[in-house]
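Inside the fold
Chain residues, written in single-letter form:
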Amino acid sequence: MGNKEIQPPGLAQRFFRWFCDKDLLPSIEGDLFELYRERLLKEGKFKADLHFIRDVLLLFRPGIIGIKNKEYKTNYIDMFRNNFKIARRTLWKNKSATIINMLGLIVGITSCMLIALFIQHEMSYDTFQPNAERIGRVIMEYSFDGGEESSKGTFTSTKVAPYFSRTFPEVEKGIRMTQTSAILQLEGSPVTESGFMYADSTFFDAFAYNMIHGNSKTALNGPKKVVLTESMAKKYFGESDPVGQALEVGDNKTVYEVTGVMEDYPYNSQFRFDFLASFSSLGVNQEESYWNANYTTYFLLQDKNSFASMAEKLPPFMAKESAGFGADINFTLEHFSRVHLYSPYSDFVANTNIKYLYMLAGIALLILVIVCFTYINLSTARSVERAKEVGIRKVSGAGQSQLFWQFIGESFLLCGLSVVVSFILVYLLLPGFNNLIDRELILGDLMSPTFLTFILGLTLGLSVIAGAYPAIILSKFQPMKVLKGVFKNTSSAKWLQQSLTVFQFGISVFLIIATLVIQGQLNYIQSRDLGYDRAHIVSLPIGWNTDFQKINTLKKELKASSQIIEVSRAASSPVNISSGYSMNLPTRPENEVISVNANPVDENFIAVTGLEVIAGSNFTEQHIRQTEIEPWEKKEFHYIMTESAAGKFGWSPEEAIGKEMILNEQGTVVGVVKDFHFQSLRNDLQPLVLFSASWGGRLLVKINGENMHESLGFIEKTWEKILPERPYTYRFLDEDYNRMYQSEMQLGKLMNLFSTCAIVLACLGLFGLSSYMIQQRLKEISIRKVLGASTFQVLNILSGNFVRLILFAIVLASPIAYYVMSSWLDDFAFHISAPWWAVMLAAILTLAIGLITSGIHGLKAALSNPVTSLKSE
């Protein structure tokens, strides 16, 4: 084999010929080959090959690299400008399709923006806390010895934080907190402030804050110290520095020293307070004890891995600690950063269920899917109309990729315009949306980098997803077929249109069923017989230590009005009673106690709340007075049990009457009431004991409801006469009850709103699609009419296909929706069954809406003059 036959590496040759400018290729390649031959003779083939490859790679640079076909060299700026111009003209020319698509995009994108803002807000809870990963909330679980059931919650005793901080090296700081309302003096007048929180001085070591005045290291050291938020500092002290000033707190006007001012706490925080007072201000109530379990405890751990270590250490430690307590007590730690979305235990702020965010995100996605499908459907329906345009462009030299980007450009332009309009709409709608969901979403969130990135991604994603399929289909048209006039829409395109229509209406059916089930459960919550009456009952905070005689005078004055039916003093309203007690019998061992909830009430509680006495009798005034006797050992107590509580001792309601029992103190059972729901319907019915008492921090006033304004005015006037030192505030029991279902209420409102949007969008798509489909069959309809077809027959032909598609959608979506909503209902201990009528109603509604939507065009076509149509052909 001679040297002349040996060639350089083939791959390197092909690479060079691929990238080299055609004008430069012959001369440079000749030089490369000449060099290669010289090296071949001097250095051998291996080295010559290596040199050749190196030379090729060095030549891969600007000036050498050329475009293979210069005649098609593209100026991308001009191409973009040209595509934009064509897109603008096309959109303007096809106004009906543009309006339908743009309306759909605007409604869809606006809905998604609002949902995204809500989800972003809920996900942002406490993310500003730098130590969030190291903070744990303490959950206590206890059961009395022999008790069948345990109680679990965020209530912890005063001993946990300081004792565990000293005992466990994993705990860096322990923080005890409790929130209450307090009466303050503003310009000489009493004002009730609900955001009054007590916390250990370690609060500032664990949680983020920005101090404006004062020293956080010492601000909460010692009793009677308080830090104000900036807004409260301005409210009580104006623009001056309040540090060192005095603030009168409570009925007794206890003087607190203002030791600091901090910025208002963010709204997306588990804590919302206006005043932060030192925990040591609570006096004897803050002394270390396992039994005073009325506080929330947080631990700042050494590192986030300490959670696992604490989980191992706490059970054996508490088993040893609680020996002899007569109760099993254990503590676990809950990650602070997961409380708002994942915890079943709300505390200072109502939680949001992460499932509801998933549901809303799913609805947003379904809305976008509907919008995209509408765009695809209308584009493919118009493909015949646009085929000629594509054919002419192809004959004129347009490549498939150019046509593809032209159609994507149209989609992008439409999405871009819709996003701009949606931004404006969100700006205008946000205040109303905030009222609807009871949140404070702020306009600034619209401009956050996260949200802008989301919107940019949404615009590009929608443009590509909605525009890609029509772009691919339209750019593939064969120009010869088109220009010969033999082009027809493909069967695959028709199949796609039908599939997307089924999917759109399937989504609508799903959302209608989901909305009906949620509304059904909310109606059930509102209308269920709870065992007590909560209508027209006003709840007024009166303070635990307010004089018994003074409250009795207030009750008598109020009952003097014909509009007041009854007045009662109690510790808790029947809406939510969560005070844990243990009950036992004098004849049973002391450690065989039973956990129950209990509520101290007066003799009017049953009359106000309408509880049904099924055995025995109500408390009497004498029973209440017997609890006023001093000293404590001489007080006499009487009990009224629910039938479940009586059943815990194996008593029937009648057997319970006259029996002696112990609820902290020994007393006599005088009555049994029917079980009632004194907690959320998410929980099972629990046993409860009412005990006679002359104290309690709440006054319940039952009014007749005939003239609400006048009744409330009378209550306020009487209150100010007898209790002028306490500010007058009130709430209706219905409000307290609805607050327990805040998450479900919000979900119901959002489902109503966005399900309606989804249904409107699906109808909008069907409206546009039916318009094009009927337009394409106009000649066929005219011929049928000339041959004698009636209007009904024509309507049947035109709408029959849509009806079949909608029926198919109903069959597909109904079982899925039924299953999903049945799972949601299982979260409630008391709930409706997923109603069959919801499926039927959803089917009827969807069918009716679909028929009306498609029937508008069908009726117009059926009533049109066939001669006009045939003449145009």
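Everything below is about the structure shown above.
Analysis parameters
- Residues numbered from 1 in each chain as written.
- Predicted model: local features only at pLDDT ≥ 70, side-chain atom pairs only at ≥ 80, totals over all residues.
- Heavy atoms only, no water.
- Helix = DSSP H or I, 4+ residues; strand = E, 2+ residues; numbered from the N terminus.
- Rg over C-alpha atoms; globule rule 2.2 N^0.38 Å.
- Buried < 20%, exposed > 50% of the residue type's maximum accessible area, 1.4 Å probe, protein only.
- Areas by Shrake-Rupley, 256 points an atom, 1.4 Å probe, with all protein chains shown as cover.
- Expected span 1.5 Å × (residues − 1).
- Arc of directions from axis to C-beta.
- Axes fitted to C-alpha atoms, helices over the stretch in contact; angles between N-to-C directions.
- Parallel < 35°, antiparallel > 145°, perpendicular 65-115°, else oblique.
- Left-handed = near helix turned anticlockwise from the far one by under 90°.
- Contact = heavy atoms within 4.5 Å.
- Nonpolar A, V, L, I, M, F, W, Y, C, P; charged D, E, K, R; others polar.
- Polar contact = N/O pair within 3.5 Å; in protein donor to acceptor, adjacent residues only side chain to side chain.
- Phe/Tyr/Trp six-rings, centres within 6.5 Å; stacked < 30°, edge-to-face > 60°.
- Lys NZ or Arg CZ within 6 Å of the ring centre and 35° of its normal.
- Pairing = 2+ DSSP bridges.
- Salt bridge = Lys/Arg side-chain N within 4 Å of Asp/Glu carboxyl O.
- Patch = residues over 30% accessible without salt bridge, like charges linked within 9 Å, V, L, I, M, F, W, Y side chains within 5 Å.
- Core = buried A, V, L, I, M, F, W, Y, C linked by side-chain atoms within 4.5 Å.
- Disulfide = S-S within 2.5 Å.

For the chain, the count of helices and strands is 28 helices and 22 strands. Taken over the C-alpha trace, the chain has a radius of gyration of 38 Å; the compact-globule value for 873 residues is 29 Å, which it surpasses by more than 25%. The burial tally for the chain puts 50% of its 873 residues in the buried class. For the chain, the accessible area works out to roughly 41,300 Å², and carbon and sulfur atoms hold 57% of it.

Taking 1.5 Å as the rise per residue, helix α22 (residues 708–722) with 15 residues should run 21 Å; its terminal C-alpha atoms sit 21 Å apart, in good agreement. Residues of α22 that are buried: Ser711, Leu712, Ile715, Thr718, Trp719 and Ile722. The buried residues of α22 all sit within an arc of 130° when viewed along its axis, so they share a single face. Across from the buried face of α22, at angles greater than 90 degrees, the exposed residues are His709, Lys717 and Lys721.

Turning our attention to the packing of helix α1 (residues 10–19) against helix α2 (residues 25–43). In the contact formed by α1 and α2, the axes pass within 10 Å of each other and the chain directions differ by 155°. Classified by the angle between their axes, α1 and α2 sit roughly antiparallel to one another. Of the two possible hands of crossing, α1 and α2 adopt the one that is right-handed. Touching Gln13, Phe16 and Arg17 of α1 are Leu25, Ile28, Glu29, Leu32 and Phe33, all from α2. Across the contact of α1 with α2, the residue classes tally to five nonpolar, one polar and two charged.

With that settled, the discussion passes to the side chain of Arg534. Here Arg534 shows up in the loop between α16 (491–527) and β12 (537–541). A distance of 2.8 Å separates polar atoms of two side chains, one belonging to Arg534 and the other to Asp734. Not counting residues within four places of it along the chain, the set of residues in contact with Arg534 comprises Ile525, Gln526, Leu733, Asp734 and Tyr737.

For any two helices packed against each other, one specifies the inter-axial angle together with the distance between the axes. It is at 9 Å that the axes of helix α26 (residues 791–825) and helix α27 (residues 836–863) come closest, and there the two elements cross at 155°. On the basis of the axis angle, α26 is roughly antiparallel to α27. As for how α26 packs across α27, the hand of that crossing is right-handed. Split by residue class, the contact of α26 with α27 holds 17 nonpolar, eight polar and no charged.

So, about the packing of aromatic side chains. All told, the structure shown has 48 aromatic pairs when counted by the stated rule. On the basis of an interplanar angle of 40° and a centroid distance of 5.1 Å, the ring pair of Phe203 and Phe207 is categorised as tilted. A centroid spacing of 6.0 Å and a plane angle of 80° characterise the contact between Tyr532 and Phe676, whose relative ring orientation is edge-to-face. A residue pair is termed long-range when its members are at least 10 positions apart, and Tyr532 in the loop between α16 and β12 and Phe676 in the loop between β19 (665–673) and β20 (688–692) qualify at 144 residues. The same class applies to Tyr532 and to Phe676, which are both buried. Taken together, Phe128, Phe203, Phe204, Phe207, Tyr209, Tyr265, Phe271, Phe273, Tyr298, Phe336 and Phe348 form an aromatic cluster joined through their ring pairs. One Lys or Arg, Arg272, reaches over the ring of Tyr267 and ends 3.9 Å from the middle of that ring. A cation over a ring is seen here: Arg338 above Tyr342, with NZ or CZ 3.9 Å from the ring centre.

In terms of strand pairing, strand β16 (residues 613–616) meets β19 through three bridges, oriented antiparallel. Looking at the pairing, Val613 lines up with Val673 of β19. Here strand β17 (residues 637–642) pairs with β19 via six bridges, running parallel. Of the residues in β19, the one forming a bridge with Tyr639 is Val669. Linking two consecutive strands that pair antiparallel, namely strand β18 (residues 660–663) and β19, is a turn of one residue; a positive phi of about 70° is found at Asn664 within it.

Following the criterion strictly, the structure yields 20 salt bridges and no others. Lys559 is the salt-bridge partner of Glu566, the closest N and O atoms lying 3.2 Å from each other. Taking the relative accessible area as the measure of exposure, Lys559 reaches 35% and is therefore partly exposed. A salt bridge links Arg625 to Glu621, with the nearest nitrogen and oxygen atoms 3.5 Å apart. With Arg625 and Glu621 both in helix α19 (residues 621–625), this residue pair falls four residues apart, about one helical turn. A cluster of three or more residues bridged by salt bridges with shared partners is formed by Arg39, Arg54 and Asp55.

For the rest of this paragraph, the subject is a nonpolar patch on the surface. On the surface, a cluster of nonpolar side chains totalling about 640 Å² of accessible area is made up of Val420, Ile424, Leu425, Tyr427, Leu428, Leu429 and Leu443. If you trace the backbone, Leu443 turns up in the loop between α13 (400–437) and α14 (449–475).

A few words now on the nonpolar core. By size, the foremost hydrophobic cluster in this structure holds 114 residues, and its most contacted members are Phe433, Tyr737 and Phe754. The element that contributes the greatest number of residues to this core is α16, accounting for 14 residues. Setting aside residues up to four positions removed in sequence, Tyr737 forms contacts with Ile525, Leu530, Tyr532, Arg534, Val575 and Leu681. Listed in part, the 24 residues of the second largest apolar core include Ile175, Ala206, Leu220 and Met262.

Our next topic: the environment of Pro589. Counting through the fold element by element, Pro589 comes out in the loop between β14 (580–584) and β15 (594–601). It is 52 Å that separates the C-alpha atoms of Pro589 and Ala514, two residues lying 75 residues apart in sequence.

Counting buried residues in β14 gives four out of five residues, a clear majority hidden from the surface. Examined bridge by bridge, β14 and β15 share four bridges and lie antiparallel to one another. Considered in β15, the bridge of Tyr581 is made with Val596.

This part is about the environment of Pro316. Mapped onto the fold, Pro316 is located in helix α9 (residues 306–321). Sequence spacing of Pro316 and Leu530 is 214 residues, and the spatial spacing of their C-alpha atoms is 41 Å.

In this structure the tally under the stated criterion is zero disulfides. For the unlinked cysteine Cys112, the closest cysteine sulfur is that of Cys372, found at 9.5 Å. Free cysteine: Cys415, not disulfide-bonded; nearest cysteine sulfur from Cys372 at 7.4 Å. Cys415 gets classed as buried once you look at its relative accessible area, which sits at 1%.

Another aspect to go through is unusual backbone geometry. Even without being a glycine, Asp126 presents a positive backbone phi close to 65°. Following the sequence through the fold, Asp126 ends up in the loop between α5 (95–123) and β1 (135–144). Here Asp126 falls in the buried class, since its relative accessible area comes to 2%. The backbone of His536 shows a phi angle near 60°, a positive value even though the residue is not glycine. For His536, the location among the structural elements is in the loop between α16 and β12.

Distances and angles like these do not, on their own, reveal function.
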